[in-house]
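Now for the letters of each chain:
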Amino acid sequence: MSMKRTNVYADPEDLAIIKEAAKRRGISEAEIIRQGIHLAAMANRVWDEPLFSRTFEGPGRTLPKSEVRDTVAEAVRRETGSGSGSAA
């Protein structure tokens, strides 16, 4: 993976903590900073589609496993236009 160099300003106390952690873990300070940048990027990413893009109608109570299976199978059949067979 190629990297791109950048400059940032950081709090001296944060840098001291990173320095100590790098020494304790036996990795470079840069690696800890790269991990932090990756976490920040993922925390602020905007996805094209919501995590749960489908919703299913229900009775407002927890369904037994067989009813969940049947409800999902029926929704799939409706969505795909498939009316034959059953999910096993």
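Residues numbered from 1 in each chain as written. Predicted model: local features only at pLDDT ≥ 70, side-chain atom pairs only at ≥ 80, totals over all residues. Heavy atoms only, no water.

### Observations concerning helix α3 (residues 65–80)
Okay, so step 1: Its 16 residues place the ends of α3 22 Å apart at the C-alpha level, agreeing with the 22 Å of an ideal helix rising 1.5 Å per residue.
Okay, so step 2: One or two steps after α3, the chain reaches Gly-81, where phi turns positive at roughly 75°. (Helix = DSSP H or I, 4+ residues; strand = E, 2+ residues; numbered from the N terminus. Expected span 1.5 Å × (residues − 1).)

### Some thoughts on the pattern of salt bridges
Between side chains of opposite charge, a pair can form as their charged atoms come close.
Okay, so step 1: Tallied over the entire structure, the rule returns six salt bridges.
Okay, so step 2: A salt bridge links Glu-67 to Arg-61; the shortest N-O distance between them is 3.6 Å.
Okay, so step 3: Here Glu-67 falls in the partly exposed class, since its relative accessible area comes to 33%.
Okay, so step 4: Taken together, the shared-partner salt bridges in this structure form one network comprising Glu-74, Arg-77 and Arg-78. (Salt bridge = Lys/Arg side-chain N within 4 Å of Asp/Glu carboxyl O. Buried < 20%, exposed > 50% of the residue type's maximum accessible area, 1.4 Å probe, protein only.)

### Observations regarding the packing of aromatic side chains
Okay, so step 1: Scanning the entire structure with this criterion turns up zero aromatic pairs.
Okay, so step 2: The ring of Trp-47 has Arg-45 sitting right over it, with the charged end atom 3.8 Å from the ring centre. (Phe/Tyr/Trp six-rings, centres within 6.5 Å; stacked < 30°, edge-to-face > 60°. Lys NZ or Arg CZ within 6 Å of the ring centre and 35° of its normal.)

### Description of a nonpolar patch on the surface
Okay, so step 1: Where nonpolar side chains cluster on the molecular surface, the patch consists of Leu-15, Ile-33 and Ile-37 and spans about 240 Å² of accessible area.
Okay, so step 2: Mapped onto the secondary structure, Leu-15 falls in helix α1 (residues 12–25).
Okay, so step 3: Overall, Leu-15 belongs to the partly exposed group, its relative accessible area being 36%. (Patch = residues over 30% accessible without salt bridge, like charges linked within 9 Å, V, L, I, M, F, W, Y side chains within 5 Å. Areas by Shrake-Rupley, 256 points an atom, 1.4 Å probe, with all protein chains shown as cover.)

### Some points on the packing of α1 against helix α2 (residues 29–43)
Okay, so step 1: Contact geometry for α1 and α2: axes closest at 8 Å, N-to-C directions at 110°. Classified by the interaxial angle, the pair formed by α1 and α2 is roughly perpendicular. The handedness of the crossing between α1 and α2 comes out as right-handed. For the pair α1 and α2, contact is made by Ile-18, Lys-19, Ala-21, Ala-22 and Arg-25 and by Glu-29, Ile-32, Ile-33 and Gln-35, respectively.
Okay, so step 2: Looking at the contact of α1 with α2 residue by residue, the classes come out as five nonpolar, one polar and three charged. (Axes fitted to C-alpha atoms, helices over the stretch in contact; angles between N-to-C directions. Parallel < 35°, antiparallel > 145°, perpendicular 65-115°, else oblique. Left-handed = near helix turned anticlockwise from the far one by under 90°. Contact = heavy atoms within 4.5 Å. Nonpolar A, V, L, I, M, F, W, Y, C, P; charged D, E, K, R; others polar.)

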